[in-house]
Amino acid sequence: MTPALLVKGLAFAYPDGHQALYGIDLRVEPGERVAVLGPNGAGKTTLALHLNGVHTAGAGTIEVAGLPVTKVNLHEIRRRVGLVFQDPDDQLFMQTVGEDVAFGPANFGLKGAELDARVHQALAAVGMTDHIDRSPLHLSGGQRRRVALATVLACDPEILVLDEPSANLEPVARRELAEVLLSLGRTTLMVTHDLPYALQLCPRSVLIDDGVVVADGPTGDLLADSELLAAHRLELPFGFRLD
Amino acid sequence: MSAGHAGTNVLHHPGDSPVHRLPPQVKIVAALLTVIGVVATPREEFWAFGGYLVLVVTVWRMARVPVSHFAKRALIEVPFVVIALLMPLLGGAAGALAGWNILAKGTLGVLTSLTLAATTTPRELIVGLQRLRTPAMLTTIATLMLRYLEVIAAEARRMRLARISRGHDPRFLWQVGATARGIGALFIRSYERGERVHLAMVSRGWRGAMPDRGVAASPATWLAGLTPVLVTAAVLGTAVLVP
Ligand SMILES: Nc1ncnc2c1ncn2[C@@H]1O[C@H](COP(=O)(O)OP(=O)(O)O)[C@@H](O)[C@H]1O
Ligand SMILES: [Mg+2]
């Protein structure tokens, strides 16, 4: 079967010469939910920005459902890979929630009734239908995060990539977002250093540090390996138990 | 960006009047032609400028935007007024007429632009420019500038709060240094955020044009929207042709 995502030997240096990725290998099957764990500066965001071609690989290849990430395929790649940025304020910029959610699918050519239907579906999926005419700026942090997710869901991506979805969320909003993510049933790659969140949402985890994959396996096994976690500046919250 | 829209929307006065509902491209053309008509009017035809003022105020009434909205914002034309008041000092009677020319035409130009901005959201303005076949590069730059303005205003507000909560009192002259350093930091942070906002737009398939969900304006709409221009043309014609 064609993997949903196939990354081979991906290396990348920023224009200032800083090498952020040193050869990443990753294969994600359709329907899988995978957490990408790693400390600050590990290269998680840099990896995410490669998956939809925002950054261009210095070396290595990426394929999304069999389609290579190259300049000529970029528009289709961006439709297939839905990237939810870490800060919803980077993502939301229109006057109303509805316009913001329509922005992506309209760019991909949807119009009229079809576009409206897509906007409603996406907002319903995150439980924000009632807020369609409000300004994104007047929503709570958790609501903004869900609208940001809806703006990407509306593009009907084949793979959802979330950068630190639980960052800055209060406990209730964090749980509500988890429920939404579990209900979507989409192939998902979730970048995070929130280990309990990874355990709750993703059966499999990949641990990245210094631009390479250092572990890949069932999330429970990774989190049980306290030496591995300590070696990569990760730790479970105080009092958290794995059983 | 929490209060971002308040930042750019200082010029916009939300409403649901016939003027607000006019398609933006019609309003842009109407405002442009009106300003051209005003500028073309011979300066000694004092009554014509009175006529233009009545016209602008009539549009405000139809748009149900209070005069005070425009009075406050017209302050940006203070430099015009200063120049106009200096002219007679420099050039006697001819100078006085030249000063009047700048003052009358400058004021009407500013009021017309403010009327357009008060009844049209920034996004509509861009869509309007697009429908008028403005080169995509120009509308893209306009879109990003709007976005940056908002981002910068919000960032500035947050940083000011952070400074004030650490005991900075900008009333004291010797603290001007902190404000200046703040502006430097603001520039860098706004730049970085603007960059991320742009990436988030590109990730949702943006290729330089705002999605346009509207329809073309009918001849009747054009006629209704251009009524002020017809009035301007009538006033101008009378001023130029009738001895
Ligand atoms: N725009 C940039 N220019 C130069 N270096 C960068 C840039 N963005 C990130 N980096 C560096 O690349 C490395 C990986 O960053 P990032 O992918 O953001 O890490 P993570 O998301 O895992 O915290 C870090 O060392 C970071 O300092
Ligand atoms: Mg990151």
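You'll find chain B entered in an unreviewed UniProt entry as Cobalt/nickel transport system permease protein, with Actinophytocola algeriensis given as the organism. The UniProt entry for chain B carries the following comment under Subcellular location (unreviewed entry): "Cell membrane".

Going by an unreviewed UniProt entry, chain A carries the name Energy-coupling factor transporter ATP-binding protein EcfA2 and comes from Actinophytocola algeriensis. According to the UniProt record, the Subcellular location (unreviewed entry) comment for chain A is "Cell membrane". Among the UniProt annotations of chain A, the heading Sequence similarities (unreviewed entry) holds the following wording: "Belongs to the ABC transporter superfamily."

(A) Seen up close, the overall build of chain B. Within chain B, the regular secondary structure consists of 11 helices and zero strands. Helices and strands in chain B line up, N terminus first, as α-α-α-α-α-α-α-α-α-α-α. A buried classification covers 42% of the 243 residues belonging to chain B. Counting every atom, chain B has about 13,100 Å² of accessible surface; 74% of that belongs to carbon and sulfur.

(B) Structural context of the confidence of the model for chain B. When pLDDT is averaged along chain B, the result is 79, and 76% of the positions lie at 70 or above. Reported confidences for the modelled complex are a pTM of 0.73 and an ipTM of 0.86.

(C) Layout of the pattern of salt bridges. All names here are of chain A. Under the definition given, this model contains 15 salt bridges over all chains. E29 is the salt-bridge partner of R27, the closest N and O atoms lying 2.6 Å from each other. Between E32 and R204 there is a salt bridge, with the nearest N and O atoms lying 3.0 Å from each other. Separated by 172 residues along the polypeptide, E32 in the loop between β2 (19–28) and β3 (33–37) and R204 in strand β9 (residues 204–209) bring together distant segments of the chain. One network of salt bridges, in which partners are shared, links E76, R79, R80 and E158.

(D) Spotlight on the UniProt feature "transmembrane region" (unreviewed entry) in chain B. Summarizing the sequence annotation, UniProt attributes the feature "transmembrane region" (unreviewed entry) to residues 46–63, 75–103 and 220–242 of chain B in the numbering used throughout. Helix makes up 100% of residues 46–63 of chain B and strand 0%, with an end-to-end C-alpha separation of 26 Å.

(E) Layout of the UniProt feature "domain: ABC transporter" (unreviewed entry) in chain A. In the numbering adopted here, UniProt assigns the feature "domain: ABC transporter" (unreviewed entry) to residues 5–235 of chain A. Its end C-alpha atoms 28 Å apart, residues 5–235 of chain A is made of 39% helix and 26% strand.

(F) Broad picture of unusual backbone geometry. All names here are of chain A. Of note, the phi angle at N168 is positive, near 60°, even though the residue is not glycine. Judged by its relative accessible area of 79%, N168 is exposed. Phi at R233 takes a positive value of approximately 55°, unusual for a residue other than glycine. Looking at the element boundaries, R233 is found in the segment after α10 (226–231). A relative accessible area of 58% means that R233 is categorised as exposed.

Calculation criteria
Residues numbered from 1 in each chain as written. Chains lettered and ligands numbered in written order. Predicted model: local features only at pLDDT ≥ 70, side-chain atom pairs only at ≥ 80, totals over all residues. Heavy atoms only, no water. UniProt positions renumbered as here; feature names shortened; annotations may be inferred. Helix = DSSP H or I, 4+ residues; strand = E, 2+ residues; numbered from the N terminus. Buried < 20%, exposed > 50% of the residue type's maximum accessible area, 1.4 Å probe, protein only. Areas by Shrake-Rupley, 256 points an atom, 1.4 Å probe, with all protein chains shown as cover. pLDDT = per-residue confidence, 0-100. Salt bridge = Lys/Arg side-chain N within 4 Å of Asp/Glu carboxyl O.

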